Amino acid sequence: MFYWLLKYVVLGPVLKCLFRPDVVGLQHVPLTGPVILACNHLSFSDSIFTPLIMRRKVTFVAKAEYFTGKGIKGWLMRQFFVNTGTIPVDRSGGKAARAALDTQLRVLRSGNIAGIYPEGTRSPDGRLYRGKTGVARLALESGAPVVPVALLNTDEIQPTGTLIPKIKRVKLRIGAPLDFSRYAASAGDRFVERAVTDEIMYELMTLSGREYVDVYAASLKTSVEAPRPVAPAFEQVQDRAR
């Protein structure tokens, strides 16, 4: 209830008026049935703008730290995420991360939309980084199509560490649904999960126009320059499969 109140009464109309979303490909998001939205991650505001333009409710996962902040800012952030149905995920991995994926599976099995950032964290420099295989597990275990969503300029609207966003037209590009049902019998196969994830990241690279870096964003040290962009590993998988 609070989700729809925010979207259509309290916050949504104001945001649409201020940021005038420029969206291409919205017709690719099915109006019914389970769907996985796989998005690149440039800014905190990605979790606001993506649900804003969708016709259906989107349930995202977010790092657990968003639910444990202190002070007024922490309380406001916690209330926002809790009341919009966002699922906290412990990024340390293991059983905690699996629990978040299981919750997303329940969202999908209920016929709803699950949103996920395959990179696992915001891009440190605007480039697109290697995807984690959780998105592939969701796709293979649920059978849901994956719709790639590229946010083009949210890092300009609200750079990391910025509280007040710049008033600028937000741009999103949405790709055609990706069907991985051909891999249904291979759920749990790490090689297949990597191939599926890299195919999704390739689509995000194409839609966003961002350079791709084949390392995990979370592994980068601020004092070390990231490697030069390379082709997604999916292309290497295709070569080996021929």
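Up top is the structure these notes are about.
Cut-offs used in this document
Residues numbered from 1 in each chain as written. Predicted model: local features only at pLDDT ≥ 70, side-chain atom pairs only at ≥ 80, totals over all residues. Heavy atoms only, no water. Pairing = 2+ DSSP bridges. Helix = DSSP H or I, 4+ residues; strand = E, 2+ residues; numbered from the N terminus. Axes fitted to C-alpha atoms, helices over the stretch in contact; angles between N-to-C directions. Contact = heavy atoms within 4.5 Å. Buried < 20%, exposed > 50% of the residue type's maximum accessible area, 1.4 Å probe, protein only. Phe/Tyr/Trp six-rings, centres within 6.5 Å; stacked < 30°, edge-to-face > 60°. Lys NZ or Arg CZ within 6 Å of the ring centre and 35° of its normal.

(A) Molecular detail of the sheet that holds strand β7 (residues 146-151). If you walk across this open sheet you meet the seven strands as β1-β8-β7-β2-β5-β3-β4, and the pairing is mixed. At either margin of the open sheet sits one strand with a lone partner, and together these are β1 (22-24) and β4 (87-89). Across the sheet, the mean angle from the axis of one strand to that of its neighbour is 25°, orientation sign disregarded. Where strand β3 (residues 58-63) and β4 come together, three bridges link them in parallel fashion. Paired with A62 across the bridge in β4 is P88. Along the sheet, helix α6 (residues 134-142) makes contact with β2 (35-39), β5 (113-116) and β7, crossing β2 at roughly 165°.

(B) Structural view of α6. All buried positions along α6 are accounted for by G134, V135, A136, L138, A139 and L140. In the stretch just after α6, G143 is the one whose phi turns positive, near 80°.

(C) Here's a closer look at the packing of aromatic side chains. One pass over the full model with this rule turns up four aromatic pairs. Ring geometry for W4 and Y8: centres 5.9 Å apart, planes at 10°, overall stacked. Separated by four residues within a single helix, W4 and Y8 lie in helix α1 (residues 2-10), roughly one turn from each other. In this structure W4 comes out as partly exposed when scored by relative accessible area, which is 34%. According to the relative accessible area criterion, Y8 is partly exposed, its value standing at 46%. Chaining the aromatic ring pairs together yields one cluster made of Y3, W4 and Y8. Seen from the ring of Y3, K57 lies directly overhead, with NZ or CZ sitting 5.2 Å from the centre.

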